[in-house]
Structures are given as C-alpha cells and as structure tokens.
Amino acid sequence: MAFKTPELPYAYNALEPNIDEQTMRVHHDKHHVGYVTKLNNAIEGTEYEGWDIEKLLANLAKVPENIRTAVRNNGGGHYNHSLFWPAMKKGGGGEPAGEIGSAIKSTFGSYDEFKKQFSAAATGRFGSGWAWLVVSGGKLEITSTPNQDNPISDGKTPILGLDVWEHAYYLKYQNRRAEYVENFFNLINWDQVEENYKKAK
C-alpha cells in the first residue's frame, strides 16, 4: 500500500479534558484510516502510487479527472490529519518562543492578535473545513479551506492546522465550535510548529 495512517504520538486520552478520548478514537481510527484506505484505492495501479502526498496535493491538476476528486478529498484528509496530530500535546499551549514566536509577533503584532485572527478563521469557516497558519512567500499568513482542501494546492505551506469538521468536536462540544477552538490553544505543540516553520522557510 502506498500510504499508511501514522500512529498517534500520544495516548487516546492524553488531550483530555480539551479533546475527549472517544473523539480521538473515532477521529483517528475511523476517519483518518478511512481517508488513507480510499486514497490508496484511488491510486492503486497508477503512477501516483510512487508520489509523496505533498507532490500529489501540489499537482492535483495533473491527476486524471476520474480519480482527482478522490485524491483531493482523501489525500487532503490524510495529509491534514498527519499534520494535525503531532501539532498537539498534553500540557501544550501558551505563548510560543523561538523563531515562530518572533515571527508571530512581527506578523500579527502580538500572540493575542494571532489567536484572535486564527480563531476567527476557524469559527468563521462555514460547514466543514480547516483553519491554517501557513508560510507563503516566506511570510506567515492565516487562512482557511473548505472540506479537506489544503493550502499546498495554493502554493502555501501549512505549519499549523485546526480541524473544524464536526467529527473533530461534536461528541464533546455539540454545536459549540467556538469553545472547542478556544480549548485547542491549550494543546498546541509549539516545538512541532517551530520545526514545521523552519522546514517551510
């Protein structure tokens, strides 16, 4: 098989009380596994089996039309979640230090302003989708995408993403997306985001 679902880098209950164990089990073991299965089925026996996920998402226009939607949705779902899991940790959150901390302050003015804009992107996304902190042209930017679309397809490099599909929060938060978004800031693994930032530059 071309792609594999990565293991969670922590226990299913590690993100309690911000994200509950049951949500993590369903989200990782059912949703993420499902994206990988469908992606592998779509590209089986094609040249795209040998491509890495970034190359696939950056070159969707080259993927044949009959499998493009499946690759876009499921490839995006696989990539997005692979970035999402390690960007959280127990005891995460707080203001970032290092290069990413400096870049956030110089781009947005303050961590609080970054938080405000990122939250607005997450709560303002109608329906399913993601909020992103990306590197674009060497600079930080906040954006959001519908469904499992990804900034890579727009030539940007995501370094932090927040899943705002209902499956990511509904068991615990029901329709209270804003509360879920607020609690996400208690989990951000800034060491991982720093690493992503350095690679993206």
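Just so you know, these numbers come straight off a predicted model, no measurement behind them. (Residues numbered from 1 in each chain as written. Predicted model: local features only at pLDDT ≥ 70, side-chain atom pairs only at ≥ 80, totals over all residues. Heavy atoms only, no water.)

Overview of the side chain of His32
- Following the sequence through the fold, His32 ends up in helix α1 (residues 21–43).
- Overall, His32 belongs to the buried group, its relative accessible area being 0%.
- Other than its neighbours up to four places away in sequence, His32 contacts Thr5, Pro6, His27, His78, His81, Ser82 and Trp85. (Helix = DSSP H or I, 4+ residues; strand = E, 2+ residues; numbered from the N terminus. Buried < 20%, exposed > 50% of the residue type's maximum accessible area, 1.4 Å probe, protein only. Contact = heavy atoms within 4.5 Å.)

So, the pattern of salt bridges
- Counted by the stated rule, this structure contains 11 salt bridges.
- In this structure, Glu99 engages Lys201 in a salt bridge whose closest nitrogen and oxygen atoms are separated by 2.9 Å. Here the residue Glu99 occupies a position in helix α4 (residues 98–108), and Lys201 occupies one in the segment after α8 (190–200), the gap between them amounting to 102 residues.
- Using a relative accessible area of 56% as the deciding quantity, one classes Lys201 as exposed.
- A salt bridge links Lys198 to Glu194, with the shortest nitrogen-to-oxygen separation between them at 3.4 Å. Remark: Glu194 and Lys198 occur in helix α8; sequence separation between them is four residues, near one turn of the helix.
- On the accessibility criterion, Lys198 (45% relative accessible area) is partly exposed.
- Glu194 gets classed as buried once you look at its relative accessible area, which sits at 13%. (Salt bridge = Lys/Arg side-chain N within 4 Å of Asp/Glu carboxyl O.)

Description of α8
- Taken together, the buried positions of α8 are occupied by Trp190, Gln192, Val193, Glu194, Asn196 and Tyr197.
- Residues of α8 that are buried sit in contact with α3 (65–84), α4, α5 (111–124), β1 (129–136), β2 (139–146) and β3 (157–163).

Some thoughts on the packing of α1 against α3
- Close contact between α1 and α3 brings their axes to 8 Å; oriented N to C, the two are set at 140°. Between α1 and α3, the angle falls in the class oblique. As for the relative orientation of α1 and α3, their crossing is left-handed in sense. Contacts between α1 and α3 pair His27, His32, Tyr35, Val36, Lys38, Leu39, Ala42 and Ile43 from the former with Ile67, Ala70, Val71, Asn73, Asn74, Gly75, Gly77, His78, His81, Ser82 and Phe84 from the latter.
- When its residues are assigned to classes, the contact of α1 with α3 shows nine nonpolar, nine polar and one charged. (Axes fitted to C-alpha atoms, helices over the stretch in contact; angles between N-to-C directions. Parallel < 35°, antiparallel > 145°, perpendicular 65-115°, else oblique. Left-handed = near helix turned anticlockwise from the far one by under 90°. Nonpolar A, V, L, I, M, F, W, Y, C, P; charged D, E, K, R; others polar.)

Remarks on the side chain of His27
- Position of His27 relative to the elements: it lies in helix α1.
- Relative accessible area serves as the criterion here: at 1%, His27 is assigned to the buried category.
- Ignoring any residue separated from it by four or fewer positions in sequence, one finds His27 in contact with His32, His81, Phe84, Trp85, Asp163, His167 and Ala168.

Topic: the sheet that holds β3
- In spatial order, the strands read β2-β1-β3; together these three strands make up an open sheet with antiparallel pairing. Single-partner strands in this sheet number two, and they are β2 and β3. When the angles between neighbouring strand axes are averaged without regard to direction, this sheet yields 25°.
- The pairing of β1 with β2 spans eight bridges and is classified as antiparallel. (Pairing = 2+ DSSP bridges.)

Details of α5
- Here α5 is 14 residues long and its end C-alpha atoms lie 19 Å apart, about the 20 Å a rise of 1.5 Å per residue gives.
- Where α5 is concerned, the buried positions are Tyr111, Phe114, Phe118, Ser119, Ala121 and Ala122. Buried residues of α5, seen end-on, are gathered within an arc of 160° and therefore sit on one face of the element. For α5, the exposed residues lying more than 90 degrees away from the buried face are Asp112, Lys116 and Gly124.
- The inward-facing, buried residues of α5 contact α4, β1, β2, β3, α7 (177–184) and α8. (Expected span 1.5 Å × (residues − 1). Arc of directions from axis to C-beta.)

Looking at the layout of surface pockets
- Taken as a whole, the largest pocket holds about 240 Å³ of empty space.
- Top element by residues in the lining of the largest pocket is α8. It accounts for four residues.
- Of the residues that constitute the lining of the largest pocket, the class distribution is seven nonpolar, four polar and three charged. (1 Å grid on protein atoms, 1.4 Å probe; cavity = no way out; pocket = protein on both sides within 12 Å on 5 of 7 lines; lining within 4 Å. Points joined across faces, edges and corners; volume = space filled by probe spheres on them.)

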